[in-house]
Amino acid sequence: MGENELALEPKKYSRGYLFYVVEDSPAQKLNPITKLFVMLVVSIATFITVQYEIILGLLAITIVLVILSKIPISMIKKFVLALSGMATGFFVVNMLFSHIEGSTVYFDAYVFKIPYTELGWRIYITDVTIWWSTLVFLRTMVLVWVSLWFLIVTRDTDIIYALRRLGLPRGAAFTFALALRSVSMFYDDFITVVEAMKSKGFSFSEGGPITRLKKYGKTMFPLILLAMRRIEEFTRAIESRGFSISCKRKLYTRYTFSLIDLAFFLLFSLLLIVLFLNQYCGLTFFTDLFGVVTCLR
Amino acid sequence: MEIQKMEYPITPRIVTTGVTGGLIAVLAAFGVMAFPVVPGVAGIYPAIAFIVAFGAWFGIWAAIAAYIGCFIGAGIVGGVPLVINVYWSLADFWEALIPAIGFKVFKADPELKTKKDWAVFLIFGVFLGNLIGGLWGSITLAWPIEFIKWETVFVPTFVAWFSGNVAVTLIVTPVLLRGLSKHIKRSSSYTEGLIK
């Protein structure tokens, strides 16, 4: 080892849309179209099936994808907690506000009722309400995990490449990628503005809902002015680089389609076909498989 | 030497669409995470205040930005499957396009100076935009692909969508329009008509 070489080589990271991921992450080696395909298959699979065990299986697949991609759980913990809260919110709202008929009624009462009418807030919980609310919760969790995985292991260039390959015009692909890139910038800006206002004694937690809304409205002024400044800067920057939506551009990053990509395509296509047959043609492949596993145990 | 004026600069429009799309996405994600109703739908949706104001300022480009912002922020983050998200996100497109049509066709001033400006804002920005967007967003979650049950389309989905959006648009959007229109009009992103 030479004198100038470090004994411990630091890990190399590359920036996804949300976080930095280690460069040797297996997900970085996947073709962007494969990643998009995986996300698409998982999202289709979640709504073509209504069986808990299959949706839980899909959730397990997405969590395995996150782990295999070497994404530290500590890094995404905050996001997962917030999004789980959102999924729980869907569950609660469906339980309290939906009126779905079922064979067993567990709860039926008015919280308030306008006299002489049938109008008011009626909580009506049946067996189907509970089944449906749980299904919405689980589906949301699967979609949240797969979206997180995709946004973490994907870079701007990946998105532009994938969308261009799928035949989207260059202007549209560029606009979409710019919007995705702006998300993390504005998230940081929003936090900065809120913290700056708090440090000057501005309280967001006081007052009624309308007062609070108005207070949050005040954070919008600096956000929009920042956006306008960014638009001017970006416009000058990309025009100085000869950007034009009409000219043909070369893709500088080359993506290979490896055997791993092929394996992913085959595996996820098979998953989709099996789920489709299971749901719409009554083939009980999964049920039988679970039966075999249970027997073996 | 005669200096040629660029009649229709496309680059600032594209950048405006991308950047404002990102801003809408952040606020949409905040809405669906903080006030969830059903996947993709928020009881209070702060992004709508911007969507209507952007529609009045940037015309059709704001509508495209609203579509992208909704696709990313409310759709991907909010748990709407990609296939449904492609047509469901048009809800926000209408919510920006309808006020844009109102302001540009009736030549209303986004600074809301006259009664006519206010009337255009209330009819197109607050009522029609949110009604059509809300109906589109609620129905397309259940049809043609059933992602939510038909029994939940009106209550809670549409009711929460429409009432929440009307409240936010009434309270926040006039503040944005009256406070910022003067600055925005001076920028290269502002469109006099629907497109240019």
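Above this text you will find the structure in question.
In this report, we go over the structure that sits alongside the text. (Residues numbered from 1 in each chain as written. Chains lettered and ligands numbered in written order. Predicted model: local features only at pLDDT ≥ 70, side-chain atom pairs only at ≥ 80, totals over all residues. Heavy atoms only, no water.)

What to know about the overall build of chain A
Scanning chain A from N- to C-terminus turns up 10 helices and 4 strands. Ordered by position from N to C terminus, the α and β elements of chain A give β-β-α-α-α-α-β-β-α-α-α-α-α-α. Of all 297 residues assigned to chain A, the portion counted as buried reaches 42%. Taking as baseline every contact in chain A between residues at least 6 positions apart, the subset at least 24 positions apart corresponds to 71%. (Helix = DSSP H or I, 4+ residues; strand = E, 2+ residues; numbered from the N terminus. Buried < 20%, exposed > 50% of the residue type's maximum accessible area, 1.4 Å probe, protein only. Contact = heavy atoms within 4.5 Å.)

Some remarks on empty space enclosed by the protein
Gaps left between atoms are located by rolling a probe of water-molecule size over the structure's atoms. Inspection of every chain in the model, using the stated rule, returns 2 cavities of 30 Å³ or more. The space that makes up the largest cavity amounts to roughly 60 Å³. If you trace the largest cavity, you find it lined by Gly40, Val41, Ala42, Tyr45, Cys70, Ala74, Trp88, Asp92, Trp161 and Asn165 of chain B. Its volume calculated, the second largest cavity comes out at about 50 Å³. Lining the second largest cavity, in full, are Met39, Ser43, Leu143, Val146 and Ser147 of chain A together with Gly75, Ile76, Gly79, Val80, Pro81 and Leu82 of chain B. (1 Å grid on protein atoms, 1.4 Å probe; cavity = no way out; pocket = protein on both sides within 12 Å on 5 of 7 lines; lining within 4 Å. Points joined across faces, edges and corners; volume = space filled by probe spheres on them.)

Some details on the interface of chain A and chain B
Taken together, the 55 residues of chain A in the interface contact 60 residues of chain B. With both chains or domains summed, chain A and chain B bury close to 5000 Å², and 85% of this area falls on carbon and sulfur atoms. There are 0 salt bridges connecting chain A and chain B. At the surface where chain A touches chain B, the tally comes to 5 residue pairs in polar contact (both at pLDDT 80 or more). For the side of chain A that touches chain B, the secondary structure elements donating two or more residues are helix H2 (32-48), helix H4 (73-97), helix H5 (127-153), helix H7 (170-199) and helix H8 (209-240) of chain A. Taken together, the residues of the side of chain A that touches chain B sort by class into 39 nonpolar, 12 polar and 4 charged. (Buried area = accessible area lost by both parts, 1.4 Å probe. Salt bridge = Lys/Arg side-chain N within 4 Å of Asp/Glu carboxyl O. Polar contact = N/O pair within 3.5 Å; in protein donor to acceptor, adjacent residues only side chain to side chain. Nonpolar A, V, L, I, M, F, W, Y, C, P; charged D, E, K, R; others polar.)

Here's the deal with helix H6 (residues 156-165) of chain A
Residues and elements named next belong to chain A. Turning to H6, its buried residues are Asp158, Ile159, Tyr161, Ala162 and Leu163. On its buried face, H6 is in contact with H2, H5 and H7. In the segment just after H6, glycine 167 is the residue with positive phi, at about 95 degrees.

Describing the packing of aromatic side chains
Residues and elements named next belong to chain A. By the definition in use, this model includes 22 aromatic pairs over all chains. With a centroid separation of 5.0 Å and 5 degrees between ring planes, the pair formed by phenylalanine 97 and tryptophan 121 is classed as stacked. Of this pair, phenylalanine 97 sits in helix H4 while tryptophan 121 sits in strand S4 (residues 120-126), and the two are 24 residues apart along the sequence. Its relative accessible area of 29% is what places phenylalanine 97 among the partly exposed residues. (Phe/Tyr/Trp six-rings, centres within 6.5 Å; stacked < 30°, edge-to-face > 60°.)

Considering the side chain of aspartate 158 of chain A
Residues and elements named next belong to chain A. Assignment of secondary structure puts aspartate 158 in helix H6. A polar contact is formed between the side chain of aspartate 158 and the side chain of lysine 35, at a distance of 3.5 Å. Among all residues touching aspartate 158, those that are not within four sequence positions of it are Pro32, Lys35, Val153 and Tyr255.

Considering the packing of helix H3 (residues 52-68) of chain A against H5 of chain A
Residue and element names in this part refer to chain A. Where H3 contacts H5, the axes come no closer than 9 Å and their chain directions differ by 20 degrees. When the axes of H3 and H5 are compared, the pair comes out roughly parallel. In this structure, H3 crosses over H5, and the sense of that crossing is left-handed. Of the residues in H5, those in contact with Tyr52, Ile55, Leu56, Leu58, Leu59, Thr62, Ile63, Leu65 and Val66 of H3 are Ile130, Trp131, Thr134, Leu135, Leu138, Arg139, Met141, Val142, Trp145, Val146 and Trp149. Of the residues that constitute the contact of H3 with H5, the class distribution is 17 nonpolar, 2 polar and 1 charged. (Axes fitted to C-alpha atoms, helices over the stretch in contact; angles between N-to-C directions. Parallel < 35°, antiparallel > 145°, perpendicular 65-115°, else oblique. Left-handed = near helix turned anticlockwise from the far one by under 90°.)

Comments concerning the pattern of salt bridges
Under the counting rule described, the total for this entry stands at 9 salt bridges over all chains. Aspartate 158 of chain A is the salt-bridge partner of arginine 155 of chain A, the closest N and O atoms lying 3.5 Å from each other. Given a relative accessible area of 1%, aspartate 158 of chain A falls into the buried group. The salt bridge involving lysine 185 of chain B is made with aspartate 109 of chain B; its shortest N-O contact spans 2.8 Å. Residue lysine 185 of chain B is found in helix H8 (residues 173-185), and its partner aspartate 109 of chain B is found in the loop between helix H5 (90-105) and helix H6 (115-139); the two are separated by 76 residues along the sequence. Look at lysine 185 of chain B and you get partly exposed, because its relative accessible area is 30%. Members of the salt-bridge network, linked through shared partners, are Asp109, Glu111, Lys113 and Lys185 of chain B.

A closer look at the environment of glutamine 28 of chain A
All names here are of chain A. If you trace the backbone, glutamine 28 turns up in helix H1 (residues 26-29). On the accessibility criterion, glutamine 28 (14% relative accessible area) is buried. For the pair glutamine 28 and valine 153, spaced 125 residues apart in sequence, the C-alpha to C-alpha distance is 6.3 Å.

What to know about the environment of valine 41 of chain B
Turning to its location among the elements, valine 41 of chain B is positioned in strand S2 (residues 41-42). Of the residues examined, valine 41 of chain B reaches a relative accessible area of 1% and is grouped as buried. Taking the C-alpha atoms as reference, valine 41 of chain B lies 8.8 Å from glycine 75 of chain B; in sequence the two are 34 residues apart. Once residues within four sequence positions are removed from consideration, valine 41 of chain B is found in contact with Phe90 of chain A together with Val32, Phe35, Pro36, Trp88, Leu141, Thr157 and Trp161 of chain B.

Digging into the pairing of S4 of chain A
All names here are of chain A. Looking at chain direction, strand S3 (residues 105-113) and S4 are connected through 7 bridges and run antiparallel. Of the residues in S4, the one forming a bridge with valine 105 is threonine 126. The turn joining S3 and S4, which pair antiparallel and follow one another in sequence, is formed by 6 residues; a positive phi near 65 degrees is taken by tyrosine 116. (Pairing = 2+ DSSP bridges.)

Looking at the side chain of glutamate 111 of chain B
All names here are of chain B. Along the polypeptide, glutamate 111 turns up in the loop between H5 and H6. What makes glutamate 111 buried here is its relative accessible area of 13%. Engagement of the side chain of glutamate 111 in a polar contact is seen with the side chain of lysine 185, the distance being 3.0 Å.

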